[in-house]
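Residue strings, one per chain:
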Amino acid sequence: MRKKIVAGNWKMNKNMQETEALLSEVSAKLPDTSATVMVSPTFVNLASAVNQLEDSTIEVIAQNMHFAESGAYTGEISADMLLNIGINTVILGHSERRAYFGETDEILEKKVKAALAKNMTVMFCFGEELADRKSDNHFSVVESQLKNALFGLDASAWSSIILAYEPVWAIGTGETASPEQAQEMHAFVRKTIATAFDQTIADNVSILYGGSVKPSNAEEIFSKPDVDGGLIGGAALVADDFIAIVKAI
Ligand code: PEP
């Protein structure tokens, strides 16, 4: 079912004490909202974050996982390990994973399938680079990212998918897609899913926008009909900014 969501991707930021302090401040200041609020600290702080937020509506999610069940994959984390500490949702396909860690569409398809096989929810990130947009290839790039990693799934899998459109040129750069550019791409994504699957699936999937969302631009971006919320990087590291973005939805 389509939901409003604000998710904070903390990336490789905040040590244990800083994580605890930020979570305390965010949960203390969290307004009453029908939106789902998620935070994603680093792996080493996930278990303590789950414990700390036990009585909170804030959901703790993971930034990544491996596709294998277990075994000789030094440095990696499995779906079962996440589930074991109470994490049910994982971000996959973030552009930083694609760019710096060589995650291809093929690897991402495996990861998505592995997470879904364990009944986890996947927040799947995709988005074009600046050169793609400049050469007017942004729609075809996005279409192929979705097709390669997600279109082999059964229709029933879509109830466990959240999409996050994150144009690479807008991530951490201070440059935001205009609300019109976000709306245009989100509508395109919905149409592409309706064609590949059906209109109900397309209507029900939540599509978040990510890329330099701030308190000053969140409300306008979130007001667009096909934008169901945001995946927030830098602004999620400052409690008041993150809370202002939650209020904007
Ligand atoms: C992100 O990395 O998912 C992101 C959207 O980052 P930022 O908000 O800092 O652009």
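Placed above this text is the structure.
Right, let's walk through the structure included here. As the structure is a prediction and not an experimental result, all values here were calculated from the model.

So, how was this worked out
- Residues numbered from 1 in each chain as written.
- Predicted model: local features only at pLDDT ≥ 70, side-chain atom pairs only at ≥ 80, totals over all residues.
- Heavy atoms only, no water.
- Near = heavy atom within 4 Å.
- Polar contact = N/O pair within 3.5 Å; in protein donor to acceptor, adjacent residues only side chain to side chain.
- Areas by Shrake-Rupley, 256 points an atom, 1.4 Å probe, with all protein chains shown as cover.
- Nonpolar A, V, L, I, M, F, W, Y, C, P; charged D, E, K, R; others polar.
- Axes fitted to C-alpha atoms, helices over the stretch in contact; angles between N-to-C directions.
- Helix = DSSP H or I, 4+ residues; strand = E, 2+ residues; numbered from the N terminus.
- Left-handed = near helix turned anticlockwise from the far one by under 90°.
- Contact = heavy atoms within 4.5 Å.
- Core = buried A, V, L, I, M, F, W, Y, C linked by side-chain atoms within 4.5 Å.
- Buried < 20%, exposed > 50% of the residue type's maximum accessible area, 1.4 Å probe, protein only.
- Expected span 1.5 Å × (residues − 1).
- Pairing = 2+ DSSP bridges.
- Phe/Tyr/Trp six-rings, centres within 6.5 Å; stacked < 30°, edge-to-face > 60°.
- Lys NZ or Arg CZ within 6 Å of the ring centre and 35° of its normal.
- Salt bridge = Lys/Arg side-chain N within 4 Å of Asp/Glu carboxyl O.
- Arc of directions from axis to C-beta.
- Parallel < 35°, antiparallel > 145°, perpendicular 65-115°, else oblique.

Here we come to the site of the ligand. Around the ligand lies a shell of 14 residues, among which Lys11, His94, Glu166, Gly172 and Ser212 are the nearest. Lys11 places a polar side-chain atom, nitrogen or oxygen, 2.5 Å from an oxygen atom of the ligand. Protein chains bury 95% of the 290 Å² of accessible surface belonging to the ligand in isolation. Among the residues making up the shell around the ligand, the classes are represented as 4 nonpolar, 8 polar and 2 charged.

A separate point is the packing of helix H1 (residues 16-29) against helix H11 (residues 239-248). At a minimum axis separation of 9 Å, H1 and H11 run at an interaxial angle of 35°. Classified by chirality, the crossing of H11 by H1 is right-handed. The residues of H11 that touch H1, namely those facing Leu22, Glu25, Val26 and Lys29, are Ala239, Asp240, Phe242 and Ile243. Residue composition of the contact of H1 with H11, grouped by class: 5 nonpolar, no polar and 3 charged.

What follows covers the nonpolar core. Residues Phe124, Leu150, Trp158, Leu163 and Ile193 are the most contacted members of the largest nonpolar core, which totals 71 residues. The next biggest cluster of nonpolar side chains, apart from the first, holds 11 residues, and it includes Ile61, Ile91, Cys125 and Ala164.

For helix H8 (residues 179-196), spanning 18 residues, the distance from its first C-alpha to its last is 26 Å, which sits close to the expected 26 Å at 1.5 Å a residue. Along H8, the residues that are buried comprise Pro179, Ala182, Gln183, Met185, His186, Phe188, Val189, Arg190, Thr192, Ile193 and Ala194.

Here we come to the sheet that holds strand E2 (residues 36-40). Strand order in this open sheet of 8 strands is E3-E2-E1-E8-E7-E6-E5-E4, and the pairing throughout is parallel. Both edges of this open sheet fall to strand E3 (59-60) and strand E4 (89-92), since each of them pairs with a single strand only. Summarising the sheet, E2 and E3 pair through 2 bridges and their orientation is parallel. Across the sheet, residue Val39 finds its bridge partner in E3, namely Val60. Of the strands in this sheet, strand E5 (121-126) and strand E6 (161-165) are in contact with helix H7 (residues 138-150), which crosses E5 at around 150°.

The next subject is the packing of aromatic side chains. Going through the model one piece at a time under the given rule, you end up with 7 aromatic pairs. Counting every residue linked through ring pairs, the aromatic cluster contains Phe124, Phe126, Tyr165 and Tyr209. The ring of Phe101 has Arg97 sitting right over it, with the charged end atom 4.0 Å from the ring centre. For Lys110, the ring lying beneath its charged end belongs to Phe67, and the centroid distance is 4.6 Å.

By the definition in use, this model includes 15 salt bridges. The closest approach of N and O atoms between Asp228 and Arg190, which form a salt bridge, is 2.8 Å. You can see Asp228 sitting in the loop between helix H10 (215-222) and strand E8 (229-232) and its partner Arg190 sitting in helix H8, a full 38 residues away along the chain. The pair formed by Asp228 and Arg190 is uniform in burial state, with each residue classed as buried. Each of the salt bridges in this network shares a partner with another, and the network as a whole consists of Arg2, Arg190, Asp226 and Asp228.

Look at H1: 20 Å from first C-alpha to last across 14 residues, which is about the 20 Å you get at 1.5 Å a residue. Within H1, the full set of buried residues consists of Thr19, Leu22, Leu23 and Val26. When H1 is viewed along its axis, its buried side chains cluster within an angular range of 100° and face the same direction. Exposed residues lying more than 90 degrees from the buried face of H1 are Gln17 and Ala28. Along its buried surface, H1 packs onto E2, helix H2 (46-52) and H11. The opening residue of H1, the one whose side-chain oxygen lies 3.1 Å from the backbone nitrogen of Gln17, is Asn15.

With that settled, consider the packing of H10 against H11. For the pair H10 and H11, the least separation of the axes is 8 Å and the interaxial angle reads 20°. With respect to H11, the element H10 is oriented roughly parallel. The two elements H10 and H11 meet at a crossing, and its hand is right-handed. For the pair H10 and H11, contact is made by Pro215, Ala218, Glu219 and Phe222 and by Asp241, Ala244, Ile245 and Ala248, respectively. The class makeup of the residues in the contact of H10 with H11 is 6 nonpolar, no polar and 2 charged.

Fair warning: the whole summary comes from geometry, so function is off the table for now.
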